[in-house]
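Report on the structure
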Amino acid sequence: QVQLVESGGGPVQPGESLRLSCATSGRTVSFNTMAWFRQAPGKEREFVAAISRSGAATLFGDAVKGRFTISRDNGKNTVYLQMNNLKPEDTAVYYCGADEDLLNLQRSRTVAFYDYWGQGTRVTVSS
(Lines give C-alpha, C1' and ligand atoms only; values in the text may rest on other atoms or scores of the structure.)
Protein backbone atom coordinates (compact mmCIF):
# COMPACT_ATOMS: atom_id res chain seq x y z
CA GLN A 1 0.00 0.00 0.00
CA VAL A 2 1.17 3.47 -0.91
CA GLN A 3 0.26 6.27 1.43
CA LEU A 4 0.59 10.03 1.11
CA VAL A 5 0.13 12.04 4.28
CA GLU A 6 -0.08 15.82 4.27
CA SER A 7 0.77 17.96 7.27
CA GLY A 8 1.43 21.56 8.20
CA GLY A 9 -1.99 23.03 7.63
CA GLY A 10 -3.81 25.23 10.08
CA PRO A 11 -5.11 28.75 10.69
CA VAL A 12 -3.03 31.68 9.51
CA GLN A 13 -3.51 35.41 9.01
CA PRO A 14 -3.34 37.13 5.61
CA GLY A 15 0.20 37.95 4.57
CA GLU A 16 1.75 35.19 6.65
CA SER A 17 3.49 32.06 5.44
CA LEU A 18 2.99 28.35 5.88
CA ARG A 19 4.83 25.25 4.72
CA LEU A 20 2.98 22.07 3.91
CA SER A 21 4.62 18.66 3.78
CA CYS A 22 3.58 15.46 2.05
CA ALA A 23 5.30 12.32 3.28
CA THR A 24 5.01 9.09 1.31
CA SER A 25 5.22 5.60 2.74
CA GLY A 26 4.38 1.99 1.94
CA ARG A 27 5.59 -0.13 -0.95
CA THR A 28 8.35 1.14 -3.18
CA VAL A 29 7.08 3.08 -6.18
CA SER A 30 8.62 5.63 -8.51
CA PHE A 31 6.80 8.92 -8.04
CA ASN A 32 8.15 10.86 -10.98
CA THR A 33 5.63 13.67 -10.69
CA MET A 34 4.31 15.05 -7.43
CA ALA A 35 1.85 17.86 -7.04
CA TRP A 36 -0.38 19.93 -4.82
CA PHE A 37 -4.03 20.60 -5.46
CA ARG A 38 -6.55 22.44 -3.33
CA GLN A 39 -10.29 22.39 -2.94
CA ALA A 40 -12.43 25.07 -1.37
CA PRO A 41 -16.02 24.38 -0.26
CA GLY A 42 -18.36 24.12 -3.22
CA LYS A 43 -15.53 24.28 -5.75
CA GLU A 44 -13.69 21.77 -7.89
CA ARG A 45 -10.21 20.61 -7.01
CA GLU A 46 -7.77 23.23 -8.31
CA PHE A 47 -4.20 22.75 -9.50
CA VAL A 48 -1.61 24.50 -7.34
CA ALA A 49 1.84 23.20 -8.24
CA ALA A 50 3.71 20.20 -9.64
CA ILE A 51 7.32 19.09 -9.66
CA SER A 52 9.42 16.66 -11.69
CA ARG A 53 11.42 13.86 -10.09
CA SER A 54 14.69 15.78 -10.05
CA GLY A 55 13.02 19.01 -9.03
CA ALA A 56 14.40 20.76 -12.10
CA ALA A 57 10.97 21.42 -13.58
CA THR A 58 8.01 22.94 -11.79
CA LEU A 59 4.54 24.12 -12.71
CA PHE A 60 2.28 26.55 -10.87
CA GLY A 61 -1.31 27.55 -11.09
CA ASP A 62 -1.97 31.14 -12.04
CA ALA A 63 -3.51 32.01 -8.68
CA VAL A 64 -0.38 31.10 -6.72
CA LYS A 65 2.39 31.94 -9.17
CA GLY A 66 5.01 34.12 -7.52
CA ARG A 67 3.80 33.32 -4.00
CA PHE A 68 4.12 29.54 -3.65
CA THR A 69 7.12 27.29 -4.16
CA ILE A 70 7.15 23.51 -4.54
CA SER A 71 10.15 21.37 -3.69
CA ARG A 72 10.95 17.75 -2.90
CA ASP A 73 13.43 15.69 -0.95
CA ASN A 74 13.60 12.26 -2.52
CA GLY A 75 15.80 10.94 0.28
CA LYS A 76 12.97 11.68 2.70
CA ASN A 77 10.26 10.76 0.20
CA THR A 78 8.66 14.11 0.90
CA VAL A 79 7.32 16.99 -1.15
CA TYR A 80 6.81 20.49 0.24
CA LEU A 81 4.70 23.50 -0.57
CA GLN A 82 6.00 26.82 0.71
CA MET A 83 3.10 29.25 0.82
CA ASN A 84 3.98 32.94 1.17
CA ASN A 85 1.84 36.05 1.38
CA LEU A 86 -1.25 34.00 2.02
CA LYS A 87 -4.63 35.42 1.07
CA PRO A 88 -8.15 34.55 2.23
CA GLU A 89 -8.82 33.01 -1.18
CA ASP A 90 -6.09 30.46 -0.46
CA THR A 91 -8.36 28.90 2.14
CA ALA A 92 -8.94 25.29 1.14
CA VAL A 93 -8.08 21.71 1.84
CA TYR A 94 -4.71 21.04 0.23
CA TYR A 95 -4.09 17.61 -1.28
CA CYS A 96 -0.86 15.95 -2.29
CA GLY A 97 -0.87 13.93 -5.50
CA ALA A 98 1.71 11.62 -7.05
CA ASP A 99 2.16 9.62 -10.23
CA GLU A 100 4.72 7.45 -11.99
CA ASP A 101 4.35 9.35 -15.25
CA LEU A 102 6.75 12.12 -16.16
CA LEU A 103 5.83 15.73 -15.60
CA ASN A 104 3.74 17.01 -18.49
CA LEU A 105 3.04 20.70 -19.08
CA GLN A 106 -0.65 20.12 -19.76
CA ARG A 107 -1.67 16.79 -18.25
CA SER A 108 0.05 17.24 -14.90
CA ARG A 109 -2.27 20.16 -14.20
CA THR A 110 -5.28 17.84 -14.15
CA VAL A 111 -6.71 15.73 -11.35
CA ALA A 112 -7.03 12.73 -13.67
CA PHE A 113 -3.26 12.57 -14.18
CA TYR A 114 -2.57 11.39 -10.62
CA ASP A 115 -3.09 7.87 -9.32
CA TYR A 116 -2.20 8.53 -5.68
CA TRP A 117 -3.62 11.07 -3.26
CA GLY A 118 -3.30 12.05 0.34
CA GLN A 119 -6.14 12.78 2.72
CA GLY A 120 -5.62 16.52 2.65
CA THR A 121 -4.66 19.19 5.16
CA ARG A 122 -6.80 22.22 5.82
CA VAL A 123 -5.49 25.77 5.46
CA THR A 124 -7.61 28.64 6.73
CA VAL A 125 -6.50 32.19 5.97
CA SER A 126 -8.49 34.78 7.89
CA SER A 127 -8.07 37.84 10.05
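Data block above holds the structure.
Let me begin by describing the structure that accompanies this report. Because the structure is predicted, anything quoted here is derived from the model rather than measured.

**Section: the overall build of the chain**
Each helix and strand in the chain was counted, giving 0 helices and 11 strands. Across the chain, helices and strands are ordered from the amino to the carboxyl terminus as β-β-β-β-β-β-β-β-β-β-β. For 127 residues, the compact-globule estimate of 2.2 N^0.38 gives 14 Å, and the C-alpha radius of gyration of the chain, at 13 Å, lies within 12% of that figure. Principal-axis analysis of the C-alpha atoms gives the chain an extent of 40 × 30 × 25 Å. Relative to its full complement of 127 residues, the chain shows a buried share of 45%.

**Considering the side chain of Ser-108**
Topologically, Ser-108 is positioned in the loop between β9 (92–99) and β10 (116–117). Here the side chain of Ser-108 touches Asn-104 through a polar contact of 2.8 Å, landing on its backbone nitrogen. Apart from the residues lying within four places of it in its own chain, the contact partners of Ser-108 are Thr-33, Phe-37, Phe-47, Ala-50, Leu-59, Leu-102, Leu-103, Phe-113 and Tyr-114.

**A few points about the environment of Gly-97**
As for its placement among the helices and strands, Gly-97 is situated in strand β9. Residue Gly-97 is classed as buried on the basis of its relative accessible area, which comes to 0%.

**What about the sheet that holds strand β7 (residues 68–73)?**
The strand order across the open sheet formed by 4 strands is β1-β3-β8-β7, and the pairing between neighbours is antiparallel. Two strands bound the open sheet, and with one partner strand each, they are β1 (2–7) and β7. On average, each strand axis in the sheet is tilted by 15° relative to the strand beside it, whichever way the strands run. Relative to strand β8 (residues 78–83), β7 runs antiparallel, the two being bridged by 6 bridges. In the strand pairing of β8, Asp-73 is matched with Thr-78.

**Let's talk about the pairing of β1**
Residues in a regular strand point their side chains to alternate faces of the sheet. Burial along β1 is one-sided: Val-2, Leu-4 and Glu-6 are buried, while Gln-3, Val-5 and Ser-7, pointing the other way, are not. Alignment of β1 against strand β3 (residues 18–26), held across 6 bridges, turns out to be antiparallel. Paired with Val-5 across the two strands is Ala-23, which belongs to β3.

**A short note on the nonpolar core**
Grouped together as the largest cluster of nonpolar side chains are 28 residues, with contacts concentrated most on Trp-36, Leu-81 and Tyr-94. Contributing elements (two or more residues each) for this core: β1, β3, β4 (33–39), β5 (46–51), β7, β8, β9 and β11 (121–125). Here this core takes 4 residues from β9, the largest share from any one element. If we skip the residues at most four places from it in the chain, Tyr-94 touches Glu-6, Leu-20, Trp-36, Phe-37, Arg-38, Val-48, Phe-68, Leu-81, Met-83, Gly-120, Thr-121 and Val-123. Within the second largest apolar cluster, 7 residues are counted, among which are Ala-35, Phe-47, Ala-50 and Tyr-114.

**Regarding the pattern of salt bridges**
Side chains that carry opposite charge are capable of pairing whenever their charged atoms lie near each other. In the structure shown here, the tally under the stated rule is 4 salt bridges. A salt bridge links Lys-65 to Asp-62; its shortest N-O distance comes to 3.3 Å. When salt bridges with common partners are traced through the structure, they connect Arg-38, Glu-46, Arg-67 and Asp-90 into a single cluster.

About the criteria used
Residues numbered from 1 in each chain as written. Predicted model: local features only at pLDDT ≥ 70, side-chain atom pairs only at ≥ 80, totals over all residues. Heavy atoms only, no water. Helix = DSSP H or I, 4+ residues; strand = E, 2+ residues; numbered from the N terminus. Rg over C-alpha atoms; globule rule 2.2 N^0.38 Å. Buried < 20%, exposed > 50% of the residue type's maximum accessible area, 1.4 Å probe, protein only. Polar contact = N/O pair within 3.5 Å; in protein donor to acceptor, adjacent residues only side chain to side chain. Contact = heavy atoms within 4.5 Å. Pairing = 2+ DSSP bridges. Axes fitted to C-alpha atoms, helices over the stretch in contact; angles between N-to-C directions. Core = buried A, V, L, I, M, F, W, Y, C linked by side-chain atoms within 4.5 Å. Salt bridge = Lys/Arg side-chain N within 4 Å of Asp/Glu carboxyl O.

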